[in-house]
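Letter by letter, the chains look like this.
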Amino acid sequence: MKRRSFLHAASAAPLAALTAPAAYATGNADNGTEPQGGFDIVARFMGPGPSGITVLPNGRIFVGFPRHADNHPGATLGELKNDEIVPYPSAEWSLPSDRAPADRLLSVHGMTLDRNGRLWLIDDGKLAGHPIASGAAKIICIDPATDRVVHKILLDPPVRLADSHMNDLRVSLSHGAEGLVFVTDSSFGTQPGLVVADIATGRTRRLLTTHPSAQPVAGFMAIVEGVPRRYIPHHPQMVSGGIDGIALTPDEQRLYYAPLTSRRLYSLPVSALADFSASDETLGAQVRDEGEKGTADGLCFDRHGRLYTTNYEHDCILRRNADGSFDMMLRDPRVLSPDGIFATADHVYCTLGQWNRLASFNEGRDLRKPPYFLVRFPIEEPKPANALPDRE
């Protein structure tokens with residue numbers, strides 16, 4: 001066949017053959033797009049989207065429903081009971097009211113447990129369409145044994161900025177007289193930072209305000225639901241910001257963290273953060289670049305010291321092992337914008353709030369489609385049963 005005839009024959013190939021579904025593209029389909037890993041849908045939520053998640057050893061489940069995107073009239077912190085959300089620790093604390101901002105919960109975001117089983121949460125204090133009021137942003141500790149607030153640390157200026165987004169937190173009881181709390185401020189604007197609070201004194205300080213490990217990466221791009229999205233300060237196309245995900249090693253000796261608009265993971269020794277006299281320069285010199293971890297939002301460790309990272313670009317959850325290798329734990333198109341994440345002894349729980357579909361990221365169009373999910377998957381793959389005798 002002459003070259004001209006060959007090219008003509010190729011161009012005349014039926015268009016349908018080039019646009020056939022991937023199932024017909026034998027040998028040419030991307031195996032990495034198939035769902036992987038099983039999971040349970042623990043709860044489906046209508047109304048506001050979920051964010052923070054914590055599960056007690058006895059099975060009690062607590063979920064946060066922030067109000068910074070939607071100033072909703074429902075509970076901002078709830079306990080999941082019999083498929084219903086019960087305002088927690090009480091209706092007076094969790095539902096909108098005329099109580100002073102310091103004496104109620106306005107917008108609960110991240111949460112965690114300390115080693116004594118107490119619930120710690122960050123109230124970002126932000127109501128959609130309103131500035132953050134004095135006393136609104138705060139750290140709260142609740143004792144689930146009594147359902148009472150036992151600690152409250154206000155995050156007012158100068159530690160809180162006008163555009164702060166107090167996002168997530170972790171607690172070490174091994175440092176300080178009663179322990180330390182670490183809060184990531186991913187920022188609704190362009191001023192992220194890490195906040196450290198001393199539980200005994202309520203003293204707070206703001207750190208890493210200019211360090212690259214806390215900043216969004218300029219020129220960052222991610223593929224979200226098949227669409228290229230760029231990081232554009234003050235005109236976001238996706239969920240973006242500075243230091244956001246945070247996790248504490250089980251021995252409470254090292255704090256891991258990552259900016260939301262970044263693919264890198266960083267860590268610092270908790271002993272360095274516990275020194276309130278240490279300068280930003282001193283701390284910055286001790287930051288360890290842990291390498292890439294994908295586009296993570298939430299981070300958490302399991303009891304074996306393995307780090308789980310959500311990934312909003314690939315609808316998945318990864319696990320980083322002690323040797324730095326990664327495992328794909330869960331991938332599914334329903335794992336959309338995975339956010340809050342928490343590991344129990346046997347399972348990892350994660351909230352799926354569809355945050356990438358907010359109107360603020362989509363030219364004023366709210367693309368969310370409830371229900372929103374709370375899911376879980378086992379930290380160890382179940383061993384298959386076998387009726388044959390063990391021949392070892």
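Just so you know, the residues in each chain are numbered from 1, in the order the chain's sequence is written. Local features are withheld for residues below a pLDDT of 70 in this predicted model, meaning they are given only at 70 or higher, and side-chain atom pairs are given and counted only at 80 or more; totals for whole chains, interfaces and linings count all residues. The basis for every side-chain value is the complete set of heavy atoms in the structure, and neither hydrogens nor water enter the calculation.

Caption draft 1: Quick look at the side chain of Asp198. Looking at the element boundaries, Asp198 is found in strand β12 (residues 193–198). Within 3.5 Å is the distance limit for a polar contact, defined as a pair of N or O atoms, with the added protein rule that one can donate a hydrogen and the other accept it, and that residues adjacent in sequence qualify only through two side-chain atoms. Among the polar contacts made by the side chain of Asp198, one reaches the main-chain amide nitrogen of Ala200 at a distance of 3.2 Å. Those residues in contact with Asp198 that sit more than four places away from it in its chain are Ile153, Gly176, Gly179, Leu180, Arg203 and Phe276. For the purposes of this entry, the term helix denotes a DSSP run of H or I that reaches at least four residues, the term strand denotes a run of E that reaches at least two, and both are numbered from the N terminus. Contacts were defined at the residue level, with two residues in contact if any of their heavy atoms lie within 4.5 Å.

Caption draft 2: View of the pattern of salt bridges. Criterion for a salt bridge: a side-chain nitrogen of Lys or Arg within 4 Å of a carboxyl oxygen of Asp or Glu. Evaluation of the coordinates by the stated rule reveals 23 salt bridges. The salt bridge partner of Glu79 is Arg60, with a shortest N-O separation of 2.8 Å. Of this pair, Glu79 sits in strand β4 (residues 77–81) while Arg60 sits in the loop between β2 (53–55) and β3 (61–64), and the two are 19 residues apart along the sequence. We note a salt bridge from Glu290 to Arg288, for which the minimum N-O separation is 2.7 Å. Accessibility here uses a 1.4 Å probe with only protein chains present; expressed as a share of the type maximum, an area under 20% marks a residue as buried, one over 50% as exposed, and anything in between as partly exposed. On the basis of relative accessible area, Arg288 is assigned to the partly exposed category, the value being 39%. Bridged by salt links that share partners, the residues Arg60, Glu79, Lys81 and Asp147 form one connected network.

Caption draft 3: Looking closely at the packing of aromatic side chains. For Phe, Tyr and Trp, rings pair up if their centres lie within 6.5 Å, where Trp contributes its six-membered ring, and each pair is then called stacked (planes under 30 degrees apart), edge-to-face (over 60) or tilted (otherwise). Following the criterion strictly, the structure yields 5 aromatic pairs and no others. Distance and angle both matter: a charge sits over a ring if NZ of Lys or CZ of Arg is within 6 Å of the ring centre and within 35 degrees of the ring normal. The ring of Trp93 carries Arg99 above its face, with NZ or CZ at 5.3 Å from the centroid.

Keep in mind these values describe shape, not function.
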